[in-house]
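What follows is the residue order along each chain.
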Amino acid sequence: MSFYFAMMSYPNVQRKAQEELDRVVGHDRLPRNDDQGSLPYIDALVREVLRWQPVTPLAAPHRASADGEYRGYFIPKGTTILPNAWYHPFICIILLQNI
């Protein structure tokens with residue numbers, strides 16, 4: 001859903017991505033894995049859409065390397081942390097950087 005929203009919100013991005021696809025792949029075939037290195041704009045677009053809305057709600061598990069605190073909660077060293085990326089990705093980044 002985020003991809004469709006992004007393309008509707010930023011038609012210039014969609015146009016630029018389509019131009020890259022047409023230039024690299026052409027109109028006679030579908031993109032293949034070996035095209036990926038020649039499609040940097042498409043790669044960046046996919047990564048940005050996944051940053052907006054990750055496929056899964058939980059980010060990769062991390063382990064606290066030191067004691068820490070988050071919103072008044074004590075997080076002891078060695079605690080496994082499963083950040084909820086759908087709740088707020090920015091909070092996940094701050095939490096993981098501070099521990």
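**Q** So what's going on with the overall build of the chain? Which residues, and what values?
**A** Regarding its fold elements, the chain presents 4 helices and 4 strands. Its helices and strands taken in sequence order, the chain reads α-α-α-β-β-β-β-α from the N to the C terminus. Accessible surface for the chain amounts to roughly 7,700 Å². Of this, 59% is attributable to carbon and sulfur atoms.

**Q** I'd like to hear about the pattern of salt bridges, residue by residue, with values.
**A** In this structure the tally under the stated criterion is 3 salt bridges. Its salt-bridge partner being R47, residue D43 comes within 3.1 Å of it at the nearest N-O pair. With D43 and R47 both in helix α3 (residues 40-52) and 4 residues apart, this pair spans about one turn of that helix. Residue R47 is classed as exposed on the basis of its relative accessible area of 56%.

The rules behind each value
- Residues numbered from 1 in each chain as written.
- Predicted model: local features only at pLDDT ≥ 70, side-chain atom pairs only at ≥ 80, totals over all residues.
- Heavy atoms only, no water.
- Helix = DSSP H or I, 4+ residues; strand = E, 2+ residues; numbered from the N terminus.
- Areas by Shrake-Rupley, 256 points an atom, 1.4 Å probe, with all protein chains shown as cover.
- Salt bridge = Lys/Arg side-chain N within 4 Å of Asp/Glu carboxyl O.
- Buried < 20%, exposed > 50% of the residue type's maximum accessible area, 1.4 Å probe, protein only.

Everything listed here is a matter of geometry and, on its own, says nothing about what the molecule does.
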